Amino acid sequence: MIVKLSLRQKTASLACITAVACLLSLTIGPRFVPQTLLSALVMYLLSGDRPTIVYATVRTLPRDLNAAICFIRLNLTLYRWDKRKMTVVKVFEELAAKQPSKVALVMDDQRLTFGEVKQLSDRIASYFHSKGFSKGDTVALMMETRTEYPCIWLGLAKLGVVTALINTNLRRETLRHSIAVANSKAIIVSAELAGAVAEILEQDGIKGLPIYLYGNEQSEKNDQLPNADNLRQALDNVPSVDLSSLWNDVSPRDKLVYIYTSGTTGMPKAAVITNSRFIMMGTGCYFMLSLRNDDVIYNPLPLYHSAGGMVGMGSVLLCGLTAVLRKKFSASNFFPDCIKYNCTVAQYIGEICRFVLTTPPRPTDSQHNVRMMFGNGLRPQIWTQFVSRFNISQVCEFYGSTEGNSNLMNLDNTVGAVGFVPAFARTLYPVTLVRCEEETGEVIRGPDGLCIRCKPGEPGVFVGKINLKNALNSFVGYADKKASEKKVLKDVFAKGDMFFNSGDILVADLFGYYYFKDRTGDTFRWRGENVATSEVEGVITNIVGLKDCAVYGVDIPGTEGKAGMAAIVDTEGKLDLEQLAAGIRGSLPPYARPLFIRVLSELPMTTTFKLKKRDLQSDGYDISKINDPIYFLQGNGSYTRFSADEFATVSSGKGKF
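Residues numbered from 1 in each chain as written. Predicted model: local features only at pLDDT ≥ 70, side-chain atom pairs only at ≥ 80, totals over all residues. Heavy atoms only, no water.

Help me out: how do you make sense of the overall build of the chain in this one?
Helix and strand counts for the chain come out as 21 helices and 28 strands. Scored against the burial criterion, the 657 residues of the chain give a buried share of 57%. Taking the intrachain contacts of the chain between residues at least 6 apart in sequence as the baseline, contacts between residues at least 24 apart amount to 69%. When the accessible surface of the chain is summed, it comes to about 28000 Å², and 50% of that surface belongs to carbon and sulfur atoms. (Helix = DSSP H or I, 4+ residues; strand = E, 2+ residues; numbered from the N terminus. Buried < 20%, exposed > 50% of the residue type's maximum accessible area, 1.4 Å probe, protein only. Contact = heavy atoms within 4.5 Å. Areas by Shrake-Rupley, 256 points an atom, 1.4 Å probe, with all protein chains shown as cover.)

Please clarify how the pairing of strand S6 (residues 211-214) should be interpreted in this entry.
On any regular strand, side chains alternate: one points to one face of the sheet, the next to the other face. Burial along S6 is two-sided: Ile211 and Leu213 facing one way and Tyr212 and Tyr214 facing the other are all buried. Of the strand pairs in this sheet, strand S5 (residues 186-190) and S6 are connected by four bridges, and their pairing is parallel. Across the sheet, residue Ile188 finds its bridge partner in S6, namely Tyr212. Here S6 pairs with strand S7 (residues 229-230) via two bridges, running parallel. When the bridges of S7 are listed, Tyr212 appears paired with Asp229. (Pairing = 2+ DSSP bridges.)

Help me understand the nonpolar core in this model?
Across soluble globular proteins, nonpolar side chains show a tendency to be buried alongside one another. Counting residues in hydrophobic clusters, the biggest one holds 88 residues, and the most contacted among them are Phe128, Trp153, Ile188, Leu231 and Leu289. Considering every element that reaches this core, the biggest residue donor is helix H12 (residues 275-288), with eight residues. Excluding anything up to four places from it in sequence, Leu231 contacts Ile124, Tyr127, Phe128, Ile188, Tyr212, Leu213 and Tyr214. Residues Tyr552, Val569, Val599 and Ile630 belong to the second largest nonpolar core, which totals 44 residues. (Core = buried A, V, L, I, M, F, W, Y, C linked by side-chain atoms within 4.5 Å.)

I'm lost on unusual backbone geometry in this one. Help?
Of note in the backbone geometry, Asn183 takes a positive phi value of approximately 55° without being a glycine. You can see Asn183 is positioned in the loop between helix H8 (172-181) and S5. Located in the positive-phi region is Asn342, a residue other than glycine, with phi close to 55°. Summarising the element assignment, Asn342 is placed in the loop between helix H14 (334-340) and strand S12 (345-349).

For this particular structure, what's the right way to read the sheet that holds strand S3 (residues 138-142)?
What links the strands of a sheet is backbone hydrogen bonding, and the strands pair in either a parallel or an antiparallel sense. Spatial strand order, S7-S6-S5-S3-S4-S8-S9: seven strands in an open sheet with mixed pairing. Single-partner strands in this sheet number two, and they are S7 and strand S9 (270-274). Sheet topology places strand S8 (residues 255-260) next to S9; five bridges connect them, and they run antiparallel. Bridge pairing in S9 links Tyr260 to Ala270.

Would you mind showing me how to read the pattern of salt bridges here?
Any two side chains of opposite charge can pair if their charged atoms end up close together. Counted according to the given criterion, the structure contains 24 salt bridges. Across the salt bridge formed by Glu572 and Lys574, the nearest N and O atoms sit 3.4 Å from each other. With respect to burial, Glu572 and Lys574 carry one shared label: exposed. Connected through shared salt-bridge partners, Glu93, Lys118, Asp122 and Lys158 make up one network. (Salt bridge = Lys/Arg side-chain N within 4 Å of Asp/Glu carboxyl O.)

I would appreciate a short explanation of the packing of helix H4 (residues 61-83) against H12 in the present structure.
Relative orientation and spacing of two packed helices are given, respectively, by the angle between their axes and the distance between those axes. It is the contact of H4 with H12, at a shortest axis distance of 9 Å, that shows an interaxial angle of 145°. The way H4 lies across H12 gives a crossing that is right-handed. Residue-level inspection shows Ala67, Cys70, Phe71, Arg73, Leu74, Thr77, Leu78 and Trp81 of H4 in contact with H12, the latter providing Ile279, Met280, Thr283, Gly284, Phe287 and Met288. Here the residues of the contact of H4 with H12 are counted per class, giving ten nonpolar, three polar and one charged. (Axes fitted to C-alpha atoms, helices over the stretch in contact; angles between N-to-C directions. Left-handed = near helix turned anticlockwise from the far one by under 90°. Nonpolar A, V, L, I, M, F, W, Y, C, P; charged D, E, K, R; others polar.)

I'm lost on the environment of Gln224 in this one. Help?
Tracing the backbone shows Gln224 in the loop between S6 and S7. A C-alpha to C-alpha distance of 6.0 Å links Gln224 and Ala198, two positions 26 residues apart in sequence. In terms of polar contacts, Gln224 uses its side chain to reach the backbone amide nitrogen of Gly195, at 3.3 Å. (Polar contact = N/O pair within 3.5 Å; in protein donor to acceptor, adjacent residues only side chain to side chain.)

What's the story with the packing of aromatic side chains in this structure? I'm lost.
For any pair of aromatic rings, geometry is given as the distance between the ring centres together with the angle between the planes. Scanning the entire structure with this criterion turns up 25 aromatic pairs. Note on Trp153 and Phe278: the rings are 5.4 Å apart at their centroids and 65° apart in plane angle, and the pair reads as edge-to-face. Here the residue Trp153 occupies a position in helix H7 (residues 148-157), and Phe278 occupies one in helix H12, the gap between them amounting to 125 residues. No difference in accessibility class separates Trp153 from Phe278, as the two residues are buried. (Phe/Tyr/Trp six-rings, centres within 6.5 Å; stacked < 30°, edge-to-face > 60°.)

Is there a simple way to think about the sheet that holds strand S28 (residues 639-641) in this case?
Read across the sheet, five strands follow the order S24-S25-S26-S27-S28 without closing on themselves; strand pairing throughout is mixed. Across the chains shown, the open sheet's two edge strands, defined by having one partner strand only, are strand S24 (549-555) and S28. Taking each pair of neighbouring strands and ignoring which way they run, the sheet shows an average axis angle of 30°. As defined by bridge partners, strand S26 (residues 596-600) adjoins strand S27 (residues 630-633) across three bridges and the pair is classed as antiparallel. Looking across to S27, one finds that Phe596 is bridged to Phe632. In the packing of helix H18 (residues 533-543) onto the sheet, contacts are made with S24 and strand S25 (562-569), and the angle to S24 comes to roughly 135°.

Got a minute to help me understand the side chain of His368 in this structure?
Relative to the assigned elements, His368 resides in the loop between helix H15 (352-357) and strand S13 (372-376). One polar contact links the side chain of His368 to the main-chain carbonyl oxygen of Asp365, over a distance of 3.1 Å. In terms of polar contacts, His368 uses its side chain to reach the backbone carbonyl oxygen of Phe390, at 2.8 Å.

Right, here's the structure in full:
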């Protein structure tokens, strides 16, 4: 695109950029005004007979002005709270005092008002204070979604006790590791999960820990944990004690909870969430999405994860909204639930939107009052179809990680984008892409030893500058310090600087929109070309009718690179291989076409609806170990059953591809 800007247009552009730069500078301080104005002047001087940053700025001005206003509101709130040394508990206490009768949490037929959440959290604090727990201790919480869940960790936070939010699906060694790595002093477990804790009671790091059982009935006993204290029953006998002096001793930089990574590879890592981090994430969506005080949020996500437990719960505990919880996500009940509870906003994550889209069309598809959905993981291939069928006015896809300091948000419905950063805002929000080897994610450095910024359209690793003094840009890391060090890049653009390495490959365009390309390690090289698994998955998913699909690279002896393999779920035995082959030939170049197709009943998936590819990769195409049918790409582009002879040829390194 060739763009010629008139003198009048250039002058207007410069004026607009200057106004936006000054507005943004107010959120940080006047010291940034000179450099942002200088940046604007440089942009102006560079304008000419080619696309420039000035043209992009003018084009996206409405978007950026809206984002700037939201960003200012957020930062002013964070600034005021930081000056008052507000923690999650302090913010909640003020909120509960203002609206004690408003409903905070809804699940099935149970409702808790803000006043009732305060009372329950007070009793939790009093009880564990009587048991000798104090600031800096850690307690592991393993409980299915219920209205009491946030009340428990909020109560512990009133003592300065850190709660490790344990994934309820973990068992044996991964469960033991997750509890032990946080140096937990006790375990709170719901009755439904007592068996999982009972299995590890005698193991290192767990043996001797006090167990507190939270059952459905006050008098409930559990044979699997006979020595556990009945927490639900004990809370009724807790005396009312003023513990405000204890939570006033907690600072914004103190730890609040541990939230664990999904564990797609290796053991789960306990990400440190401080009070300031939780406040920033919890209020970020409220301000950036311009949520309303009367909004009701549908939150069917697990509360031990950052999306449901931090972003979702933050809107309630810090901003005063009402949240509707669900014990377990159900695609068929997603919008009927929204209708039942009159929800106006809904959360999603991972493959949830695709699961909902696969349900048969019903009148409830458009009879709800949901105007906005926000989350991450909505595939671009189904984005338009989803919003059209379910009549969703706005989708706010965001990007970020539990532990990271680099977050993005799509505020203007741009299909496929995970967020945007205006060029003139890089000083205020220093995130960018750096060149890397796509297959490995290894950062490429120039002759001076520093990293190289990506140009528009060039994929690279997404990184964010670390500033420990600013909640927006800080990086606290994990409970495991060695794991934290692996996520820090040093000497990126200047000697001594530090950036958080997301490990994800994104692409940015001229207008500052970012698009997710792949997680490092998911891209593989075949026939001298890089293959992005997400792109191949998108094509195959559309061909086979939105069935679960995972694409990954597998090693073939004697062959350079990795061959593509696709695992497709076909529970009903209706997969049409001819249609699949024809669709692949018509949509993908030869190097991106999977050499192997594995058909199975279900895909290994995390509880946040992300695919576990590592297990599939380790299985490979070994038909002696895999019971699922495997199909092999023929020279004519069709797929036939992978035979023992073909396996012997391929595995011996004698195959020709």
